[in-house]
Amino acid sequence: MAEPIDEYFTETISAMSGSARRHADDEPMRAGSRLTARVCLALFDVQLGSRHLDLAARWLRAQGRGYYTIGSSGHEGNAAVAAALRPTDPALLHYRSGAFFLARAALVDGREPLRDVLLGLVAATDEPISGGRHKVFGRHDLRIIPQTSTIASHLPRAVGVAFSIARAKKLGVACAWPDDAITVCSLGDASVNHSTAVGAINTALHSAYQGVPMPLLFVCEDNGIGISVKTPGGWVEQTYGNRDGLAYFSADGSDLPATFEAAAAAADYVRTRRRPAFLHLRTVRLMGHAGSDFEPAYRRPQEINADFDRDPVLCTARLLIDEGVLTPVEALDRYEAKRAEVIKLAGEVAEATQLESAEAVMEPLSLSLEEAIAAAPASLAASVRSTGPDEPMTVAQGINRALDDILDRYPEAVVFGEDVARKGGVYGVTRGLLNRTSSARVFDTLLDEQAILGLALGAGVSGLLPIPEIQYLAYVHNAADQIRGEGATLQFFSNRQYRNPMVVRVAGYAYQKGFGGHFHNDNSIAALRDIPGVVIASPSRPDDAAAMLHTCAAAAKASGMVCIYLEPIALYHTRDLHEDGDEHWLATYPTAGVPIGRARTYGDGTDLTILTFANGLRMSLRVARRLESAGIRARVVDVRWLAPLPVEDMLREAAVTGKTLIVDETRETGGVGEGILAALVENGYTGAVDRVASADSFIPLGDAALEVLLSEETIEAAAIKLAG
Ligand SMILES: Cc1ncc(C[n+]2csc(CCOP(=O)(O)OP(=O)(O)O)c2C)c(N)n1
Ligand SMILES: [Mg+2]
């Protein structure tokens, strides 16, 4: 179907008469403008390319070949933003950034960006960034980090990237971006209201307020609408036009010289001051939200048509004609030549191969896991600087010492979160690290989990090894999308060209004595366990805690893995196992890392196998001692890794006794035990099996918590029933 905007361009330009003016190539397009005729023509070519890609996307869709029709039409002014930046400035882009992408590609090399975008539309394996996994704007050599479609979710990472430029330099570690780079991120006008955007802008301002370099340019492409919901007129300007610490620049995004001017001024400001700025471009949205969107259902025809005159492609053509750079015929010729070029390419890619097996789709995930598994340090000797006597330690001490060693071993490692530095953590786990390193490497952040994880995401992709802390498991949920939608997806959607190394320490689980309630005793990790491409470590013993943290750091470093490291709060300072003073919960510092996906077995009983983890391990070991007096000899297996589960070890240990009890302190529904049970059954375990877990409840305050948490009594009763 012919698009009205396509016809309108042709009719309008055909009706124009040429200008008597003649413009020299190096002459500015407008008095005082830095945009020369030569550059304007080059950007016009990019705008044409972007427009015809949008038209081709619909053509491919109509043929049943294309899978994506969200376009950039009306936003082609962002070509001038790319032109005002350096191609080495890291960019995290809104999905209407076709012209930015093409303009940056034109600055870098002779590859075929039009073809790249088309390959994305048809989900072709040859597409250079995602390899057929998604239509994204990204390319490694263009420093464009691909984004998924969650609105504004890329902004916290953008803050982290901007932060890391100076921080990496300060630490003397290699950074993915030049010292004088600035970071650019773009978003829509509806997206500026998203808490993720609001939080990221706040974080940038909060950092800059303290004098932390924050070379970050926010570009809001304001077309006045988000799908069908109008943004109140003037809202973006009122909200961000006058914020202390945030320089505001604005332009008509349909006016290429004006957009270039504003973008260049904003970029200069950010680059020289190392402070954040907000570039507000007023745009139009042409051809609806996406190909499937029926715009007349919510906008009057007059409104839709009124935007046609603000079409940036048309506006640039008019300018070039008025200034005598092109004649109307030349402008139309260029328009049609670009159409022919794009349609020809679209025809060529229409039959391109797509990913044809689950293995192929999942290859970035499986390769990074393989590398992560291989990364466990065989010896910790080289990395251990704590030369103190090898005294038995608690879990908290084990983690503390491992962090100390990791900071020593990896100069790019940084440890941060709420209260981690000055105070040394709510439970003292990070105590002393600040004094032993520096405030550049161990630092307190603002109170925003989204910002903390965003900082980690940006740091990881920039060359640092971030070890953020989330103060309590419950608060992961405030920011889970930063792990789920951003961290875990990056290797997948960039076919491993961008990596996301990070070790997220999370204090969690229940059973704290004298302190508690739901938020401090959360026992659900369901939101983490199903995320592809994430490793979840759950140590219980001090030596494992240290060894597994080393493994996570090595895995993050080697394979860019997102590792979640769950710390059992209630065991942080535990010393004893069976009796007061026995000190059986202490252990000496490990000598090797623990491989990902390998369990640890305690005892060699042949009557019963208990599969468990975290607090469940300590409870199970205590129960096992009591079972002995009842004549039941159990072996207790700490699965240690909740993703991937140590299936091989679990099966072997379960098969030895043929009677397996799964002891799961997380919830009955969605808990880890479900996964363990399924893994046993699906992999051929044929013995008896039972499962005990905590109730499907939130955790109340005080002793009432014990009513819903899994108890030793429950474990013992189930064990006797199964093995007796
Ligand atoms: C977190 C989230 N919620 C909802 C959506 C669905 N969605 C996709 S685009 C969009 C509107 C965005 O509008 P705006 O930010 O103005 O960008 P525009 O499309 O106008 O360029 C919505 C609601 C999403 N992608 N992410
Ligand atoms: Mg919008």
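This write-up is about the structure you can find in this document. (Residues numbered from 1 in each chain as written. Chains lettered and ligands numbered in written order. Predicted model: local features only at pLDDT ≥ 70, side-chain atom pairs only at ≥ 80, totals over all residues. Heavy atoms only, no water.)

A look at the sheet that holds strand β12 (residues 534-537)
Let me state the cut-off plainly: In short, DSSP must find at least two bridges between two strands for them to pair. Secondary structure follows DSSP: runs of H or I at least 4 residues long count as helices, runs of E at least 2 residues long count as strands, and numbering of each begins at the N terminus. Axis geometry follows a simple rule: fit a line to the C-alpha atoms, using only the stretch in contact for helices, then measure angles between N-to-C directions, giving values from 0 to 180 degrees.
Spatially, the 7 strands line up as an open sheet ordered β9-β8-β10-β11-β13-β12-β17, and their pairing is mixed. What marks the edges here is a single partner per strand, and that holds for β9 (442-444) and β17 (641-643). Ignoring strand direction, the axes of neighbouring strands in this sheet form an average angle of 20°. Across 3 bridges, strand β8 (residues 413-417) lies against β9 in parallel orientation. Counted as the bridge partner of F416 is F443 from β9.

Regarding the pattern of salt bridges
Rules: Salt-bridge detection follows one rule: a side-chain nitrogen of Lys or Arg within 4 Å of a carboxyl oxygen of Asp or Glu. Only protein chains enter the accessibility calculation, which uses a 1.4 Å probe. A residue is then buried if its area is under 20% of the maximum for its type, exposed if over 50%, and partly exposed in between.
Taken as a whole and assessed by the stated rule, the structure comprises 56 salt bridges. A salt bridge links D311 to R51; the shortest N-O distance between them is 2.7 Å. Linking D311 in the loop between α10 (301-306) and α11 (312-322) with R51 in helix α2 (residues 37-62), this pair joins segments that are 260 residues apart in sequence. Residues D311 and R51 agree in their burial class; the two are buried. Between R299 and E295 there is a salt bridge whose closest N-O contact spans 2.8 Å. Overlapping salt bridges bring together K230, R285, D293, E295, R299, R300, E303 and D307 as one network.

Brief notes about the layout of surface pockets
Any space left empty among the atoms is revealed by the rolling of a water-sized probe across them. Just so we agree on the cut-off: In this analysis a 1.4 Å probe is tested at points of a 1 Å grid over the protein atoms alone, and where it fits but cannot get out there is a cavity; an open set with protein on both sides within 12 Å along at least five of seven lines is a pocket; lining residues have an atom within 4 Å of a point. Grid points are joined across faces, edges and corners, and a volume is the space filled by probe spheres set on the points. Polar here means any residue other than Ala, Val, Leu, Ile, Met, Phe, Trp, Tyr, Cys and Pro, which are nonpolar, and Asp, Glu, Lys and Arg, which are charged; Gly is therefore polar.
What the largest pocket holds in volume is close to 700 Å³. Forming the boundary of the largest pocket are 28 residues, of which Y511, Q512, K513, A570 and L706 lie nearest the centre. Residue assignment for the lining of the largest pocket shows that the elements contributing at least two residues are α21 (615-629), α24 (705-708) and α25 (712-723). A per-element tally of the lining of the largest pocket places α21 first, with 3 residues. Counted by class, the lining of the largest pocket contains 13 nonpolar, 10 polar and 5 charged residues.

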